[in-house]
Amino acid sequence: MNMNTATVSMAVTPTVLSTFLSHYLNRKPLRQRPTAHLSYDEGLHLIRSFLTFASHHTVEELQAFTSQWVPHPQWVKVDQVEIPESKLLQSADIIQEQLGPDGIKRVGGQNWWQWRKLKSPLKAEWIEMRADYHDRKKANDSGKRVMLYVHGGAYFFGSVDEHRYQMQRHARKLKARVFAPEYRLAPQFPFPCGLQDCLAAYLYLLETQDPTTIILAGDSAGGGMVMSLLVIMRDRYIPLPAGAILISPWVDLTHSFPSVSNDCPLDYIPQHGFHHKPSKAWPPLNVDEYALLKEQIATNTKLDATKLMKQESVEARHLPQDLAQLNTGKVEDGDNSSFAETGFLSINLDGKEVKLKDQMQMYTTNELLSHPLVSPVMQSSLGGLPPLLIMTGGGEILRDEQIYLAHKCANPSKYPPPDSAMNDVAREQLNRYKPTDVQLQVWDDLCHVAPTLSFTRPAKYMYRSVAQFGAWALARAQKTEIDILDDDDISVISSSSSVYSSDGGTTNRNAGEEVQSEKSPESAVGKAGDPLPPFKNHMIRQRVSRHGVISPLAAPSEFPGCIMDRNDIGIVKETPVRRWLETRSQWDKRFGSVRVKIHKRRFKEMVAGYVGFDGEIPPPSALASRRKAGEDVKEKKKTKSMGLALWSLWGSKHDEATVQREHGADKPGVKFATPEEGEGARSPSDLKDQEDGPADRAATRNRSRSKTKIVRDESQVAEDGGVNDDTPISVLMAMRQEKSKQAERPPTAGSDMLKPDYVPDTGVMGKRPTVCGIAVPFSLDKEADTASMITLTSALDQPSRAASPAPLNPQVRAMAGTSAAVVAAATDKAKDEVIDPEAVKKSGPPTTNLTRASIVVYSDEIDNLWNTQAPSLATTPFTEKGSYATAPTTPLVAVDGASPNTERPPLESFVSAQEDLPMKK
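Residues numbered from 1 in each chain as written. Predicted model: local features only at pLDDT ≥ 70, side-chain atom pairs only at ≥ 80, totals over all residues. Heavy atoms only, no water.

Once that is clear, we can look at the overall build of the protein. Counting secondary structure elements, the protein contains 27 helices and 21 strands. Within the protein, the proportion of its 921 residues that are buried is 52%. Considering only contacts within the protein whose residues lie at least 6 apart along the sequence, 78% involve residues at least 24 apart. Of the roughly 42,900 Å² that the protein leaves accessible, carbon and sulfur atoms contribute 52%. (Helix = DSSP H or I, 4+ residues; strand = E, 2+ residues; numbered from the N terminus. Buried < 20%, exposed > 50% of the residue type's maximum accessible area, 1.4 Å probe, protein only. Contact = heavy atoms within 4.5 Å. Areas by Shrake-Rupley, 256 points an atom, 1.4 Å probe, with all protein chains shown as cover.)

The following block contains the structure:
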């Protein structure tokens, strides 16, 4: 029975009905948990039931079902693009540099993972609200808010079509464009195939987008992929994005953290791992099975006589004295040119060393499960990355590794890699990269990737939090302000209908209404436009309830993942492997006849011969290693899925209603008339058009117009190089002085300051001088815009003076008496029009040969002229001792040959002053 809408519906309908009944019959166990809401309870069991049903089908069937074409709503604009081949090649070169010679050898070569099916280029989708698209086009704006989203699905199923209903909500909340690549999936395209595709998509974006306009996002396996991408960008000096959002990231494929071994009844991920009906794609042959087939071919065994003499999946022997030998990949003795798995996994079961021969994860071989680009928790350092938002469900099976990941990013030195991975490169990275700023949110009792259940109340709060962080990260990176919709009135957080809640009866509450008295504006989850809390020791640590109420997160010592021995990280544990082996044994018995058929088919293909890659050894599951000569593997055409379309429609219901409210809220002065009020005046159709079809009439009747908020960086991230609340003031002053010295050093070769297009980072009023590392309220190197700035930016000849009201000496006062003299040394135009006062004094009395910009008169004449013509502008010279002077000291410039006794020149004749304050030497 194939996977289609009908078969899936038949499989999950009993679960839907039983969940509905049990929800009302078993009220007390559901209290104070997300399952208190019927919509969440139904969604959780629906996904669990679907994954159970899918496990009895092949991997290919699951992939085909989840990659079917799903129509998008008319209020969403979707455009598909192709990533150029040049970006794929560039991405491959970068990954090879990151892997290094040893890594390329472990992967199996450098060419097989670049192979693609015939006529199947890398495609990606642009997803955007249609209204936002039209606004951008009217403003001729290319867009400064782009989210590159990598979808999840355990690396082997899922698609952009399946996840689009989630991406479009991120786009709506953030008023952004979402760019989603359709990367290749395992097991046919294992690591690093998908990594190459996603990196190529980012390189493609950099051609048209500044990195400060991009944020990365991903859920589950997509979150793990995003972490590996960020590390590659950091190490290969590729411009980093403004930030990244990781929703329940899968970052440890070895399953070494405690939560994987515990029972997690509030999650839908199978605790025994992913198992499927045998097929050409999965499971791959292990070493013994491949050796058996090779022996049969060598002895010319007839096809009809071949039997599946299945070898043992495990091989047990007594534990060695050196337990460090466990969990190390080893190459089997004999012929290494086979396409079989080149390593095995050793674990401790019942006091014995067990060699696991079958491949556990579809993404890669057992040998590479602990590779840092496969399991990012194994990276030497996760510092030096852009700000991160890591969201984890408190009830999910992967929560410990996600909480550990957040703390490792924010404090790399406290969470170094295991001793076996500590080398000179690891130590150098720990010392080089500063901590990464992380916002960690642990949501009480939520499942894995809770935004998948977008129609539930907790998911709606999570979307708000994503938009809040994304808006802040973009504003911070771009050093500007971002306007965003204040959707309090239009984005109503409530159940889709009157939904039973076991903690408070039937509810239909709006955004600000909660059953818990702890709810307050200060403790609620924010949304786009709300300020982000400040980072403390590079972290924002939050515990969030299902009602969106924030409370402080427990100390790291309270989390098992943060206190486990670092040498245990990356070591496969007994409980997950035991569960996997038990389920694998059940599947072998249930589908034994299917395995025999697959065995004979592979035997026939191996006799005919495969097309190789010049001595490379791809993983056994890779489609590249199973290409038959003369065969062109093509991508199958997508078909429409009614089941996924209904799921997407359910997930988009809240967005559709919100879009309609927003459209109505933007109409000024609209009053929705009732049929009674409009009877005899307008037709019912006219009344309906005026109402514009809002989903909730009560919520829209007295609605005001939609408003926008301004998002800006409010120094949530302290640019202090790692200081905290306990840092002494003396240390802070020393760090500021050092920064000041570095800023005053001349540019070196290769510096950006020597480039012709260099623009200094001067802020609003230009560069500010400092004294002992403290900035003063004056600016430098900027043309004066106002009369007040002319006063503030007078040219001074005192190196020790930065900004002070102390009296000036007569020489400086004389030079500051005219605005034209201020710019004499700064602009060529001024040099042609102004006489240096010092040179005039040395040359003697003033000349009577008056030409343009050459007449100089002294203070006694100034008093006669300026006191009569412009008393408010008169100058009063003084001596060095502070007494008033009678001798001529202050020069003035006459313009256009005018006599000193003529009318004062107009202000337009003077050259605007330019700042020329000296820098501290």
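Further remarks concern unusual backbone geometry. Cis rather than trans, the peptide bond between A186 and P187 has omega equal to 0°. In this fold, P187 is placed in the loop between β4 (177-181) and α7 (193-206). Each neighbour pair has its own omega, and for W282 with P283 the value is -5°, a cis peptide bond. One non-glycine residue, K119, lies in positive phi territory at about 55°. You can see K119 is positioned in the loop between α4 (85-107) and β2 (123-129). Positive phi, normally seen in glycine, also occurs at D445, with a value near 65°. Counting through the fold element by element, D445 comes out in the loop between β11 (438-443) and α13 (457-478). In this structure D445 comes out as partly exposed when scored by relative accessible area, which is 24%.

This next bit is on α4. Taking 1.5 Å of rise per residue, 23 residues should cover 33 Å, yet α4 covers just 22 Å from first to last C-alpha, more than 12% shy of that figure. At G100, α4 shows its maximal kink, close to 105°; a proline, P101, follows between one and four residues later. (Expected span 1.5 Å × (residues − 1). Bend = angle between axes of the 7 residues up to and from the residue.)

What follows covers a nonpolar patch on the surface. Taken together, the side chains of F20, L21 and L25 define a hydrophobic patch exposed on the protein surface, amounting to about 340 Å² of accessible area. Take L25: it is sitting in helix α1 (residues 5-25). For L25, a relative accessible area of 70% puts it in the exposed group. (Patch = residues over 30% accessible without salt bridge, like charges linked within 9 Å, V, L, I, M, F, W, Y side chains within 5 Å. Salt bridge = Lys/Arg side-chain N within 4 Å of Asp/Glu carboxyl O.)

Turning our attention to the pairing of β4. Of all five residues making up β4, five are buried, and the element is well covered by its neighbours. Across the two faces of β4 the burial is the same, with R177, F179 and P181 and V178 and A180 all buried. As paired elements, β2 and β4 share four bridges and run antiparallel to each other. Within β4, the position partnered with I127 by the bridge is V178. The handedness of the strand β3 (residues 146-150) to β4 crossover, carried by helix α6 (residues 160-174), is right-handed. (Pairing = 2+ DSSP bridges. Right-handed = clockwise from strand over helix to strand, strands pointing away.)

A few words on the sheet that holds strand β15 (residues 539-544). Through backbone hydrogen bonds, the strands of a sheet pair up, either in parallel or in antiparallel fashion. With mixed pairing, ten strands are arranged side by side in an open sheet as β1-β2-β4-β3-β5-β6-β10-β11-β15-β16. Each edge of the open sheet carries a strand with a single partner, namely β1 (76-82) and β16 (550-552). Taken pair by pair, the neighbouring strands of this sheet meet at an average axis angle of 20°, ignoring direction. With six bridges joining them, β11 and β15 adopt parallel strand pairing. Along β15, the bridge assignment pairs W443 with V544. (Axes fitted to C-alpha atoms, helices over the stretch in contact; angles between N-to-C directions.)

Attention shifts here to helix α3 (residues 59-66). By the criterion of burial, α3 is predominantly enclosed, with six of the eight residues buried. Where α3 is concerned, the buried positions are V59, E61, L62, Q63, F65 and T66.

Once that is clear, we can look at the pattern of salt bridges. Enumeration according to the criterion identifies 23 salt bridges in this entry. Residue K87 is joined to E207 by a salt bridge in which the shortest nitrogen-to-oxygen separation is 3.0 Å. With a gap of 120 residues between them, K87 in helix α4 and E207 in the loop between α7 and β5 (214-219) connect regions that are remote in the sequence. Under the relative-accessibility criterion, E207 is labelled exposed at 53%. A salt bridge links R595 to E289; the nearest nitrogen and oxygen atoms lie 2.6 Å apart. One end of the pair, R595, is in helix α16 (residues 592-608); the other, E289, is in helix α10 (residues 287-298), with 306 residues separating them in the sequence.

It is worth spelling out the packing of α10 against α16 at this point. Where α10 contacts α16, the two axes come as close as 10 Å, and the packing angle between them is 55°. Judged on the interaxial angle alone, α16 and α10 are oblique. Where α10 crosses over α16, the handedness of that crossing is right-handed. From α10, E289, Y290, L293, Q296 and I297 reach across to α16, where they touch R595, H599, R602, F603, M606 and V607. (Parallel < 35°, antiparallel > 145°, perpendicular 65-115°, else oblique. Left-handed = near helix turned anticlockwise from the far one by under 90°.)

With that settled, consider the packing of aromatic side chains. Inspection of every chain in the model, using the stated rule, returns 15 aromatic pairs. Centre to centre, the rings of F191 and Y363 are 5.8 Å apart; their planes meet at 70°, and the pair counts as edge-to-face. In this pair, F191 sits in the loop between β4 and α7 while Y363 sits in the loop between β9 (352-356) and β10 (388-393), placing the two residues 172 residues apart along the sequence. Its relative accessible area of 1% is what places F191 among the buried residues. According to the relative accessible area criterion, Y363 is buried, its value standing at 4%. An aromatic cluster is built from Y155, F191, W250 and Y363, whose rings are joined through pairwise contacts. Lying over the aromatic face of Y133, K77 brings its terminal NZ or CZ to 4.5 Å of the ring centre. Directly above the aromatic system of Y433 lies the positively charged group of R234, at a separation of 4.0 Å from the ring centroid. (Phe/Tyr/Trp six-rings, centres within 6.5 Å; stacked < 30°, edge-to-face > 60°. Lys NZ or Arg CZ within 6 Å of the ring centre and 35° of its normal.)

Right, let's get into the environment of W472. Inspection of the secondary structure assignment puts W472 in helix α13. Distance in space between the C-alpha atoms of W472 and I482 is 8.5 Å, their sequence separation being ten residues. Leaving out residues up to four positions away in the same chain, W472 has contacts with P387, L532, F535, V711, R712, D713, Q716 and V717.

We now examine the confidence of the model for the protein. This prediction gives the protein a mean pLDDT of 74; 62% of its residues lie at or above 70. Confidence drops under a pLDDT of 50 for residues 847-900, and excluding neighbours within four residues, the segment shows 87 contacts in the predicted structure. Per-residue pLDDT stays below 50 along residues 910-917; that stretch engages in 36 contacts with residues further than four places along the chain or on separate chains. (pLDDT = per-residue confidence, 0-100.)

Another point: the packing of α4 against α7. The description of two helices packed together rests on the angle between their axes and the distance between the axes. The contact between α4 and α7 brings their axes to 8 Å, and the two run at 120°. It follows that α4 is oblique to α7 by the angle criterion. The hand of the α4/α7 crossing is right-handed. Contacts between α4 and α7 involve K87, L88, Q90, S91, A92, I94 and I95 on the former and, on the latter, L195, Q196, D197, L199, A200, L203 and Y204. Among the residues making up the contact of α4 with α7, the classes are represented as nine nonpolar, three polar and two charged. (Nonpolar A, V, L, I, M, F, W, Y, C, P; charged D, E, K, R; others polar.)

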